[in-house]
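What the coordinates show
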Amino acid sequence: MAPQKPFNIAIIGGGISGLTLAIALVQRNIPITIYEAAAHFGEIGAGVAFGPNAALAMKRISPTILDAFNKCKTINQGPIKANSWFTIRVGDARKANVDGYVKEGTKVGDALYDVEFNTDWEGGGVYRAHFLDELVKAVPDGVAQFSKRLVNMKTVEDGSGDVICVFADGTEARHDAVIGCDGIKAMTRRWLLGEDNPASRAVFSGKYAYRGLIRTEVATEMLGEEVAGNSNMFFGNNGHLLTFPIEGGKTMNVVAFSSCKEWKHEQWVITTSKDDMHADFSDWGPHVQKIVHAMQKPDIWALFYHLPCDTYYKGRVCLLGDAAHASTPHQGAGAGACVEDTLFMAELLKEVEKKEDLETAFKAFDEVRRPRTQKIVKTSEEAGRLYEFELEGDDLNKIEQNQTQRMRWIWDYDLDGEVDRARRIYRSAVVSQ
Ligand SMILES: Cc1cc2nc3c(=O)[nH]c(=O)nc-3n(C[C@H](O)[C@H](O)[C@H](O)COP(=O)(O)OP(=O)(O)OC[C@H]3O[C@@H](n4cnc5c(N)ncnc54)[C@H](O)[C@@H]3O)c2cc1C
Ligand SMILES: *[C@@H]1O[C@H](CO)[C@@H](O)[C@H](O)[C@H]1NC(C)=O
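- An unreviewed UniProt entry lists the chain under the name Mannitol 1-phosphate dehydrogenase, with Bimuria novae-zelandiae CBS 107.79 as the source organism.

Structure follows, in structure tokens:
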């Protein structure tokens, strides 16, 4: 086995980013400690989808992570939709003419078109909690500390460049570098960008979502096998609803989106009444009505995202995952971007031989990752408006043209080429020092 690297990294946060990073770094003989604010690792019970770019990144990070994903993932059930990312339908009855048509030959709820991917699709949806459990199993004992909420960081004044992490319980820990994987409300981000920077805190996207799980049996009875077993988006005015199968097809995951001007609550997740939820979709057609009425717990999730910032690192502190680029979920690409980040960070840190070069690795990470991940955030916000007739209006041909092309650059990412480029940037910077 290669010797341990002569530096020790603090990973703040143990979500998808923190855990994949921990597994990746341990496997590359890089000493780490994870500091998690909660008393244990945990994810919410909902679905999350990964594209082929994310699946490839998992494969490159470690077989352990790809196995965890493959063990949990579900793809469309049934051969007809094997190549379909989502089947697009209009769900909003207000879009129909007097005869009930939204377009020649197509009624509310009927399939309009499919957003397809190329063959060899390796992506899929997972139940978040199960995927996280699988990741947790791959994290060695003893590297994680719980109930450690980071509240401040200090650069040590002795010229070492080391960073001291200060936790809410009053304890401190000194590390050679810190990687902030602390999510959309990241403390590391606020520290790094400064509280006055408008990019330091997430902003409201004007959209919120209800999330629900419906047993596929129930969904099939309501909607038929084709809708219940595959991935669908129902478009409408200032709202849309999507479904995709998770848990091997046992469960239909539902996310129903609606809009409001501002978010007045302090909490980002609030419980509302079923009546309010039904009211948001009262003008919609029978498919969406049935789905919304079958949803049990009407929690609302306000959707926030980060404005672009000028840097992902400062000294020996670097942001990764949602801490760097929290996104709205409209391209299903946020968690995938986190996993890609992990691969780049791991491959760069593998290059580093002495701690003085850690900042150079972060600089290379920033140079290669920031443009792509910030573009994911921007185009995702735009996609939300496209689906809700706010970008191309309700011109279904224009929407189709735009939507069938807009995912390509995310999925067809030259991952290996870009990792190589990051490595070259790092190596030439180290040589020229
Ligand atoms: C409604 C919705 C649907 C989504 N759907 C998809 C999808 O289909 N596909 C997709 O790719 N992405 C999706 N995303 C995005 C995806 O969920 C995120 O990109 C991903 O989960 C972020 O992971 P993370 O580990 O970076 O952050 P998080 O999961 O937020 O983890 C952060 C961790 O840090 C801990 N922490 C926070 N602060 C501190 C602190 N000060 N000290 C110590 N620990 C701390 C937290 O407890 C937590 O464990 C969706 C997001 C939303 C909101
Ligand atoms: C979709 O529309 C937006 C806004 O008009 C535009 O910026 C983007 O390039 C379009 N994408 C595609 C793939 O047509």
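**Concerning the pattern of salt bridges**
- Enumeration over the complete set of coordinates arrives at 33 salt bridges.
- Taking the shortest distance from any N to any O, the salt bridge between D366 and R370 comes out at 2.7 Å. With D366 and R370 both in helix α12 (residues 358-387) and four residues apart, the pair spans about one turn of that helix.
- Linking E381 and R385 is a salt bridge whose minimum nitrogen-to-oxygen distance equals 3.0 Å. With E381 and R385 both in helix α12 and four residues apart, this pair spans about one turn of that helix.

**Considering the pairing of strand β2 (residues 32-35)**
- Residues I32 and I34 point to one face of β2 and T33 and Y35 to the other, with burial holding for every one of them.
- Pairing of strand β1 (residues 9-12) with β2, which is carried by four bridges, proceeds in the parallel orientation. Residue pairing across strands places A10 opposite T33, the latter belonging to β2.
- Taking the sense of rotation as the criterion, the β-α-β connection linking β1, helix α1 (residues 16-27) and β2 turns out right-handed.
- Note that β2 and strand β9 (residues 144-145) share two bridges and pair parallel. Looking at the pairing, Y35 lines up with Q145 of β9.

**Remarks on the site of ligand 2**
- Lining the immediate environment of ligand 2, one finds E382, L391, E392, N402, Q405 and R406.
- A distance of 2.2 Å is found between an oxygen atom of ligand 2 and a side-chain nitrogen or oxygen belonging to N402.
- For ligand 2, whose unbound accessible area comes to 360 Å², protein coverage reaches 49%.
- If you tally residues by element for the shell around ligand 2, the top one is helix α13 (residues 396-406), at three residues.
- Split into classes, the residues belonging to the shell around ligand 2 amount to one nonpolar, two polar and three charged.

What counts and what doesn't
- Residues numbered from 1 in each chain as written.
- Chains lettered and ligands numbered in written order.
- Predicted model: local features only at pLDDT ≥ 70, side-chain atom pairs only at ≥ 80, totals over all residues.
- Heavy atoms only, no water.
- Salt bridge = Lys/Arg side-chain N within 4 Å of Asp/Glu carboxyl O.
- Helix = DSSP H or I, 4+ residues; strand = E, 2+ residues; numbered from the N terminus.
- Buried < 20%, exposed > 50% of the residue type's maximum accessible area, 1.4 Å probe, protein only.
- Pairing = 2+ DSSP bridges.
- Right-handed = clockwise from strand over helix to strand, strands pointing away.
- Near = heavy atom within 4 Å.
- Polar contact = N/O pair within 3.5 Å; in protein donor to acceptor, adjacent residues only side chain to side chain.
- Areas by Shrake-Rupley, 256 points an atom, 1.4 Å probe, with all protein chains shown as cover.
- Nonpolar A, V, L, I, M, F, W, Y, C, P; charged D, E, K, R; others polar.

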